[in-house]
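Coordinates in review
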Amino acid sequence: MRDHALPVHFLMFNADARDGVSRAVLTLANQLALSHPVEIISLYRRYDGPAYPISERVRVTYLLDQPPV
């Protein structure tokens, strides 16, 4: 990873969702993490973890551990 690479942040409603949007974002994050620091910020955690593979280089931050009421 280059020291001067700009960080990339993704803001998602639910990074653990089992849908096409989550799959696309996680795939893109995995690729970008090869050359940039990457963080996914998820509003909610609904499951134990992402439904799709995620690189250990990608940081995932959950803001709330419970689904909306």
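Shown above is the structure to which this text applies.
Residues numbered from 1 in each chain as written. Predicted model: local features only at pLDDT ≥ 70, side-chain atom pairs only at ≥ 80, totals over all residues. Heavy atoms only, no water.

Notes on the overall build of the chain
Just so we agree on the cut-off: A run of DSSP states H or I qualifies as a helix once it reaches four residues; a run of E qualifies as a strand once it reaches two. Both are numbered from the N-terminal end. The quantity called the radius of gyration is restricted to C-alpha atoms. Its globule counterpart is 2.2 Å times the number of residues to the power 0.38. Per-residue accessibility, obtained with a 1.4 Å probe over protein chains only, is compared with the maximum for each type, and a residue is labelled buried under 20%, exposed over 50%, and partly exposed between these values. Residues count as neighbours in contact if any of their non-hydrogen atoms are within 4.5 Å of one another. A 1.4 Å probe and the Shrake-Rupley method give the accessible areas. Residues count as covered only by the protein chains that appear here. His is not counted here, nor are the chain ends, while Lys and Arg score as positive and Asp and Glu score as negative. By convention, charge coordinates are those of NZ in Lys, CZ in Arg, CG in Asp, or CD in Glu.
If you tally the helices and strands in the chain, you get one helix and three strands. Taken from N to C terminus, the helices and strands of the chain fall in the order β-α-β-β. At 12 Å, the chain has a C-alpha radius of gyration in line with the 11 Å of a compact globule built from 69 residues. Based on the C-alpha atoms only, the size of the chain along its principal axes is roughly 40 × 20 × 15 Å. Taken across its 69 residues, the chain has 33% of its residues classed as buried. In the chain, 59% of the contacts between residues at least 6 apart in sequence involve partners at least 24 apart. A total accessible area of about 4,800 Å² is found for the chain, and carbon and sulfur atoms account for 56% of it. Placing the 7 positive and 7 negative side-chain charges of the chain at their respective mean positions leaves the two points 4 Å apart.

Remarks on the packing of aromatic side chains
How we decide: Any two rings among Phe, Tyr and Trp, with Trp reduced to its six-membered ring, count as a pair given centres within 6.5 Å; such a pair is stacked if its planes are under 30 degrees apart, edge-to-face if over 60, and tilted if neither. Cation placement over rings: the criterion is NZ of Lys or CZ of Arg within 6 Å of the ring centroid and within 35° of the ring normal.
Following the criterion strictly, the structure yields one aromatic pair and no others. With 5.0 Å between their ring centres and 65° between their planes, F13 and Y44 make a pair best called edge-to-face. Taken as a pair, F13 in strand β1 (residues 8–14) and Y44 in strand β2 (residues 38–44) lie far apart in primary sequence, 31 residues in all. The partly exposed category is assigned to F13, whose relative accessible area is 46%. Residue Y44 is classed as buried on the basis of its relative accessible area, which comes to 13%. One Lys or Arg, R18, reaches over the ring of Y47 and ends 3.8 Å from the middle of that ring. In this structure, R46 is placed above the aromatic ring of Y44, and the distance from its NZ or CZ to the ring centre is 5.9 Å.

A closer look at the sheet that holds β2
Basically, it comes down to this: Two strands are said to pair when DSSP picks up at least two bridges between them. Geometry is summarised by axes, namely lines fitted to C-alpha atoms with helices restricted to the contacting stretch, and by angles between N-to-C directions that run from 0 to 180 degrees.
The parallel open sheet is built from three strands, whose spatial order is β1-β2-β3. Of all the strands in the sheet, just β1 and β3 (58–64) have a single pairing partner and so form its edges. Taken over all neighbouring pairs, the strand axes of this sheet differ in orientation by 20° on average, direction set aside. Relative to β2, β1 is paired through six bridges, and the arrangement is parallel. Bridge pairing in β2 places L11 opposite I41. Contacts from helix α1 (residues 20–32) reach β1, β2 and β3 within the one sheet, and its direction differs from that of β1 by about 160°.

All we've got here are geometric facts, nothing functional implied.
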